[in-house]
Amino acid sequence: MSKPLAELARNAREELGKAIVGHGEALETLFVTLVCGGHALLEGVPGLGKTLAVRTLARILSVRFRRVQCTPDLMPADIMGANVFNMSSGQFTLHEGPVFTDLLLVDEVNRMPPRTQAALLEAMEERQVTIDGVPRPLSPLFTVVATQNPVEFEGTYPLPEAELDRFAVKIKIGYPEAKDEETILARHHEAIDMLLPADVDRGTIQAEELASARGEAARVRVEPALLGYIASIARRTREWPAVALGASPRAAIHLMQIAKAVAALEGRDYLIPDDVKRVAPAVLRHRLTIRPEADLEGITSDQVVTDVLASVAVPK
């Protein structure tokens, strides 16, 4: 019998804690996003454990895992693959790229040139790639988790809105709390080598359990009033004075899906407004383009999301 999503989340949290100290809310959001089959963008300065978190999660889920380290000279064929001539058979054979996996880590995605960024668009939305005119299906579990450094701009290419909108969430990873940082130092003081995902139990969550969790999240009931609430939030971002480009209908869909997974995580089979409020910043912050004059005043997308949620009437 498959375990409920709440129990799977507890197991994942325990195993992640063996490799990652702190960042509980960010890791929970990442796990929920993977349960929904969405893509995630992790943003934080170097050295905070973003890559380690994704590697650890891949080990917990026991899924196929590939990593791409982005550089300015990365070509589309480097991530999609290419047809290579086989001298022995006299035929072209497909050399599969890293996208032919279940969980793809795209490290420092904003160092990838625009042409290669565009190659990810079809894979992220359609779960297929086209190589030499032939569509190639990807894994049903195919998920992209990308990382980027928000403070370094030399040799980087800002992600276009079309690609940003395909990420279900943008998760900000900050510096650890003082107590957590002391725990990190203590762990590394006692260990000869840095803690690696090898210390984490492989296959804590099986593929069929992940599929069952997705079904459990999908079955969460959403009352018509809450559908209107989610739609009102998305529409209000488009009308907000400080916003030049608001949330798309895809953003509203992601907001509903991630909120439903959070409800299932809490052991409920119905959605409440607090579920929507809880995930709204992660789902919406990367989809809002702030007007230049508002940006000069220090207004951020997170602040706009907070103001929008406060301005929309909560259904009773």
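Check the entry above for the structure.
Residues numbered from 1 in each chain as written. Predicted model: local features only at pLDDT ≥ 70, side-chain atom pairs only at ≥ 80, totals over all residues. Heavy atoms only, no water.

Here we look at the nonpolar core
As a reminder, the rule being used: Take the buried Ala, Val, Leu, Ile, Met, Phe, Trp, Tyr and Cys residues and link them wherever side-chain atoms come within 4.5 Å; each set so joined is a nonpolar core. Type-normalised accessible area, obtained with a 1.4 Å probe on protein chains alone, sets the label of each residue: buried when under 20%, exposed when over 50%, and partly exposed for intermediate values. Only DSSP runs of H or I with at least four residues qualify as helices, and only runs of E with at least two residues qualify as strands; both kinds are numbered from the N terminus onward. A contact between two residues is defined here by any heavy atoms of the two lying within 4.5 Å.
Within the largest apolar cluster, 72 residues are counted, with the highest numbers of intra-cluster contacts made by Phe 31, Ile 233 and Leu 271. Sorting elements by how many residues they give to this core places helix 10 (residues 249-265) first, with 10 residues. With sequence-adjacent residues up to four places away left out, Ile 233 is seen in contact with Leu 255, Val 276, Leu 284, Val 308, Leu 309 and Val 312.

Topic: the pairing of strand 7 (residues 134-137)
Inclusion rule: Strand pairing is assigned whenever DSSP identifies at least 2 bridges connecting the two strands.
Pairing of strand 6 (residues 128-131) with strand 7, which is carried by 4 bridges, proceeds in the antiparallel orientation. Residue Ile 131 lies in a different strand from strand 7, and its bridge partner there is Val 134. Connecting the antiparallel pair strand 6 and strand 7 is a turn made up of 2 residues, with Asp 132 showing a positive phi of about 55°.

Notes on the layout of surface pockets
The test is simple: Cavity: a set of points on a 1 Å grid over the protein atoms alone where a 1.4 Å probe fits but cannot get out. Pocket: an open set with protein on both sides within 12 Å along at least five of seven lines, its lining residues, like those of a cavity, having an atom within 4 Å of a point. Grid points are joined across faces, edges and corners, and a volume is the space filled by probe spheres set on the points. Each residue gets one of three labels, nonpolar for Ala, Val, Leu, Ile, Met, Phe, Trp, Tyr, Cys and Pro, charged for Asp, Glu, Lys and Arg, and polar for the others, Gly among them.
Each pocket or cavity is described by its volume, and for the largest pocket that value is around 840 Å³. Considering the residues around the largest pocket, the lining is formed by 29 residues, among which Leu 164, Lys 170, Arg 285, His 286 and Leu 288 are closest to the centre. For the lining of the largest pocket, the residue count by class is 10 nonpolar, 10 polar and 9 charged.

Focus: the sheet that holds strand 2 (residues 65-69)
Convention followed: Here the axes come from fitting lines to C-alpha atoms, over the contacting stretch only for helices, and the angles between their N-to-C directions go from 0 to 180 degrees.
The strand order across the open sheet built from 5 strands is 2-5-8-1-9, with neighbouring strands paired in parallel fashion. If you trace the sheet from one side to the other, it starts and ends with strand 2 and strand 9 (167-172), each paired once. Neighbour-to-neighbour, the strand axes of this sheet turn through a mean angle of 15°, independent of strand direction. Judged from the 4 bridges that link them, strand 1 (residues 39-43) and strand 8 (residues 143-148) form a sheet pairing that is parallel. What sits directly across from Leu 42, in strand 8, is Thr 147.

Topic: helix 9 (residues 224-239)
Given 3.6 residues per turn, any residue in an α-helix points the same way as the ones three and four places further on. Condition: What a helix should span is 1.5 Å times the count of its residues minus one. Working definition: the arc comes from the directions between the helix axis and the C-beta atoms, pointing outward to the latter.
Between its first and last C-alpha, helix 9 extends 23 Å over 16 residues, near the 22 Å set by a 1.5 Å rise per residue. All of the buried residues along helix 9 are Leu 226, Tyr 229, Ile 230, Ile 233, Ala 234 and Thr 237. Seen along its axis, helix 9 keeps its buried residues to an arc of 130°; they face one direction. Turned more than 90 degrees off the buried face of helix 9, the exposed positions are Pro 224 and Glu 239. Those residues of helix 9 that are buried are in contact with strand 10 (243-245), helix 10, helix 11 (273-284) and helix 13 (301-311).

A word on the pattern of salt bridges
What counts is decided by this rule: What makes a salt bridge here is a side-chain nitrogen of Lys or Arg within 4 Å of a carboxyl oxygen of Asp or Glu, nothing more.
With the rule as written, the count across this model stands at 15 salt bridges. For Arg 67, the salt bridge goes to Asp 107, with nearest N and O atoms at 2.8 Å. Residue Arg 67 is found in strand 2, and its partner Asp 107 is found in strand 5 (residues 103-107); the two are separated by 40 residues along the sequence. Overall, the relative accessible area of 43% leaves Arg 67 in the partly exposed class. Salt bridges linked by common partners bring Arg 13, Glu 28, Glu 266 and Arg 278 together as one network.

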